[in-house]
Amino acid sequence: MPSKRYVRRPICFLTPVEINALLAAPDLSTWSGRRDRALLLLAAQTGMRASELMGLRCENVVLGLGAHVQCLGKGRKTRCTPLRKEMVSVLRSWLRERQGQQSDPAFPSTRGQALGHDGLEYILNKHLAAARRRCQSLAKKRVTPHSLRHSLAMNLLHHGVDRSVIALWLGHESVETTSIYLQADMELKERALAKTEATPARASRYRPSDRVLAFLSSL
């Protein structure tokens, strides 16, 4: 059977300014605020899927030499993603406070269990509400956990990272999957347009013939 046709909507991604507003929203004086900031920062810097974040265990976070996180992605494929220094510092502090066993979830709920989709969305929406008061552009966007994944991909694309590397980073099956980011990126299109030569086309004014004028006059 032929697949059902549907309108493909533009992907939603956050700019660096919007990401910073979101990361500044959690209250770091509380246990949940420190957990949420570590979780959101990890999502923004690694582009992990919601399911990968929820399934992350303490043993999957390596903070020594060659710091990285290891996750089980689509098709049960293991993927390792490197971590930046500030991310290592935040995770080290959080896991020290977390005091979990190796097999425990890295980001538990208040009951100590692994977060579910509802819990992850609740955390994101809670801090989005606060971030929108600081960053007005967020009010126009429908942000989901997957939006943070898109945001990382767009950031890599803006910094000239090859599409094949982005596909490898995000765990895509095909490089062609990353074409959605090229379609969504108006800035890249504007840069490409600036490199082309302008077409010498002058604006012309329509001048009706005498026959047309005579016809109109007879109406």
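Residues numbered from 1 in each chain as written. Predicted model: local features only at pLDDT ≥ 70, side-chain atom pairs only at ≥ 80, totals over all residues. Heavy atoms only, no water.

S.K.: Whenever I open this one, the overall build of the protein confuses me. Can you help?
M.R.: Regarding its fold elements, the protein presents 10 helices and three strands. Looking at the protein residue by residue over its 219 residues, the buried ones come to 37%. Of the contacts formed within the protein by residues at least 6 apart in sequence, a portion of 60% connects residues at least 24 apart. Working note: accessible area of the protein is about 14,600 Å², and carbon and sulfur atoms make up 53% of it. (Helix = DSSP H or I, 4+ residues; strand = E, 2+ residues; numbered from the N terminus. Buried < 20%, exposed > 50% of the residue type's maximum accessible area, 1.4 Å probe, protein only. Contact = heavy atoms within 4.5 Å. Areas by Shrake-Rupley, 256 points an atom, 1.4 Å probe, with all protein chains shown as cover.)

S.K.: Looking at this structure, how should I read the layout of surface pockets?
M.R.: Unoccupied space between atoms shows up once a probe the size of one water molecule is rolled over them. In this structure, the largest pocket spans a volume of roughly 550 Å³. As for the largest pocket, its lining consists of 25 residues, and the residues nearest its centre are Ala44, Gln45, Arg84, Leu152 and Asn155. Every element with two or more residues in the lining of the largest pocket is listed here: helix H1 (16–23), helix H2 (31–46), helix H4 (85–98) and helix H6 (145–158). The greatest single-element share of the lining of the largest pocket, amounting to seven residues, is contributed by H6. A per-class count over the lining of the largest pocket returns 15 nonpolar, eight polar and two charged. (1 Å grid on protein atoms, 1.4 Å probe; cavity = no way out; pocket = protein on both sides within 12 Å on 5 of 7 lines; lining within 4 Å. Points joined across faces, edges and corners; volume = space filled by probe spheres on them. Nonpolar A, V, L, I, M, F, W, Y, C, P; charged D, E, K, R; others polar.)

S.K.: Could you clarify how one ought to interpret the side chain of Arg98 in this entry?
M.R.: Secondary-structure assignment places Arg98 in helix H4. One buried charged residue, Arg98, remains without a salt bridge, the closest side chain of opposite sign being Asp104 at 4.1 Å. Only 3.0 Å separates the side chain of Arg98 from the backbone oxygen of Pro105, close enough to count as a polar contact. Beyond its immediate sequence surroundings of up to four residues, Arg98 is in contact with Cys58, Asp104, Pro105, Ala106 and Pro108. (Lys, Arg positive; Asp, Glu negative; His and termini not counted. Salt bridge = Lys/Arg side-chain N within 4 Å of Asp/Glu carboxyl O. Polar contact = N/O pair within 3.5 Å; in protein donor to acceptor, adjacent residues only side chain to side chain.)

S.K.: Please explain the packing of aromatic side chains as it appears in this structure.
M.R.: Any aromatic ring pair is given by two values, namely how distant the centres are and how the planes are angled relative to each other. Evaluation of the coordinates by the stated rule reveals two aromatic pairs. A centroid spacing of 6.5 Å and a plane angle of 5° characterise the contact between Trp94 and Phe107, whose relative ring orientation is stacked. Here Trp94, found in helix H4, pairs with Phe107, found in the loop between H4 and helix H5 (117–134); they are 13 residues apart in sequence, far enough to count as distant. The exposure class assigned to Trp94 is buried, which follows from its relative accessible area of 2%. (Phe/Tyr/Trp six-rings, centres within 6.5 Å; stacked < 30°, edge-to-face > 60°.)

S.K.: Would you explain the environment of Leu168 in this entry?
M.R.: Within the secondary structure, Leu168 is located in helix H7 (residues 163–170). Leu168 sits in the exposed class, given a relative accessible area of 67%. As a C-alpha pair, Leu168 and Arg79 span 89 residues in sequence and 8.9 Å in three-dimensional space.

S.K.: Would you mind showing me how to read the sheet that holds strand E1 (residues 61–62) here?
M.R.: By definition, the strands of a sheet pair up through backbone hydrogen bonds, in either a parallel or an antiparallel sense. Spatially, three strands are ordered E1-E2-E3 in an open sheet, and the strand pairing comes out antiparallel. In this open sheet, the two strands that pair with only one neighbour each are E1 and strand E3 (78–82). Where strand E2 (residues 68–72) lies against E3, five bridges are found, and the strand directions are antiparallel. In the sheet register, Gln70 faces E3, and the bridge partner there is Cys80. (Pairing = 2+ DSSP bridges.)

S.K.: Just to check I follow, could you spell out the pattern of salt bridges for this structure?
M.R.: A side chain of one charge can pair with a side chain of the opposite charge if their charged atoms are brought near each other. Across all of its chains, the model carries six salt bridges by this definition. Here Lys141 and Glu18 are joined by a salt bridge, their closest N and O atoms 2.7 Å apart. Taken as a pair, Lys141 in the loop between H5 and H6 and Glu18 in helix H1 lie far apart in primary sequence, 123 residues in all. Its relative accessible area of 22% is what places Lys141 among the partly exposed residues. Each of Arg49, Glu52 and Arg79 takes part in salt bridges that share partners, so that together they form one network.

S.K.: Before we go on, may I ask you to explain empty space enclosed by the protein in this structure?
M.R.: Across all of its chains, the model carries one cavity of 30 Å³ or more by this definition. Estimates place the volume of the largest cavity at around 70 Å³. In terms of lining, the largest cavity is formed by Leu39, Leu40, Ala43, Met48, Leu53, Leu120, Leu124, Pro145 and Leu148. Contributing elements (two or more residues each) for the lining of the largest cavity: H2, H5 and H6.

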